[in-house]
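Structural characterization, general
Take a look at the letters that make up each chain.
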Amino acid sequence: MSDLGLEKQAARAASLEGGAQSWQKFGRDLMCLLTALKEQYAIVCQAVGRPYFVQFVDQGQEGLRAEAVSNNFLVGETRLDNRQTIAMLRLGWQTPTGNLESSTPHRDPEGSPNFFMQLPPPIDYPKLARLAIRTLGDVYKIASAADMRFELAPRQRPSNEDSAERGNGRAVNSVSAAETAEALKRTILAILREISGIPTLDLDADGDLVLEYRGLKVYFLISPQVRWMRITAVLADGVPI
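Residues numbered from 1 in each chain as written. Predicted model: local features only at pLDDT ≥ 70, side-chain atom pairs only at ≥ 80, totals over all residues. Heavy atoms only, no water.

1. Topic: the overall build of the protein
For the protein, the count of helices and strands is five helices and eight strands. Each helix and strand of the protein, placed in order from N terminus to C terminus, yields the pattern α-α-β-β-β-α-β-α-β-α-β-β-β. Going through the 241 residues of the protein one by one, you find that 42% of them count as buried. Taking the contacts inside the protein whose residues are at least 6 apart along the sequence as the reference set, 59% of them involve residues at least 24 apart. Per element, the accessible surface of the protein, about 13700 Å² overall, is 51% carbon and sulfur. (Helix = DSSP H or I, 4+ residues; strand = E, 2+ residues; numbered from the N terminus. Buried < 20%, exposed > 50% of the residue type's maximum accessible area, 1.4 Å probe, protein only. Contact = heavy atoms within 4.5 Å. Areas by Shrake-Rupley, 256 points an atom, 1.4 Å probe, with all protein chains shown as cover.)

See the structure below:
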């Protein structure tokens, strides 16, 4: 992506050598995931080994919901100080509307115990990627995008009963690795359909993603543990050895 704004924000977000480049790639990856995000699914940008995250939930015609963890879910030295809280508001985040007990999905469907914003369509994905980088790098002090991971899962649906059990504040259900892998397959499939211009592109009988171009088949295999994706292609067939 040639977005100079993203490059500037990436540079600000990381002080370690090579950090700016990693944040720039993070922004590109996040944009790809967001453009393919389906309704009722959430993308969580989670810091590895730390409680900080930014999450995005597609809400169909209503647009997109973005949230960032607040002090309602942070303890001890991980809590945000006044300067960090002010920085969040300057970035455009709305302040949490209540605590874990008052801002449940049932009692406060328009608010959140997290920092949040409701984005109507059309969504400005480059701007959203810059927001995530500024939040994670500048406010939460994540030094490098190498310390981040993406998670994709079905979002939680509010129950009929209020509940204070909001866990760590994330909008995704606890799902198995197999369910996460399946959701990731569908997201990658949507991306491949868009970039290839083949709307009928689909999973094969084994559940793999197969892209065929000029007689060449490329296979995308995601591990059940969602730890890696293998890309293979047959470069020659029927050649005597």
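2. Things to note about the packing of aromatic side chains
Within this structure, the stated rule accounts for three aromatic pairs. Of the aromatic side chains, those joined through ring pairs into one cluster are Trp23, Phe26 and Phe150. (Phe/Tyr/Trp six-rings, centres within 6.5 Å; stacked < 30°, edge-to-face > 60°.)

3. Structural notes on the confidence of the model for the protein
Counting all residues, the mean pLDDT for the protein is 75, and 65% of those residues have values of 70 or more. Of all helices and strands in the protein, the one with the weakest mean pLDDT is helix 1 (residues 4–13) (46), whereas helix 3 (residues 82–90) scores best (96). Per-residue pLDDT stays below 50 along residues 6–18; that stretch engages in 30 contacts with residues further than four places along the chain or on separate chains. Confidence drops under pLDDT 50 across residues 157–167; counting only partners more than four residues distant or on other chains, this segment forms 20 contacts. (pLDDT = per-residue confidence, 0-100.)

4. A look at the pattern of salt bridges
Tallying each qualifying case throughout the model produces four salt bridges. Residues Arg65 and Glu67 are paired through a salt bridge, measuring 3.3 Å at the closest nitrogen-oxygen approach. Accessibility expressed as a relative area gives 8% for Arg65, which makes it buried. Look at Glu67 and you get buried, because its relative accessible area is 9%. In this structure, Glu151 engages Arg149 in a salt bridge whose closest nitrogen and oxygen atoms are separated by 2.6 Å. The exposure class assigned to Arg149 is partly exposed, which follows from its relative accessible area of 38%. (Salt bridge = Lys/Arg side-chain N within 4 Å of Asp/Glu carboxyl O.)

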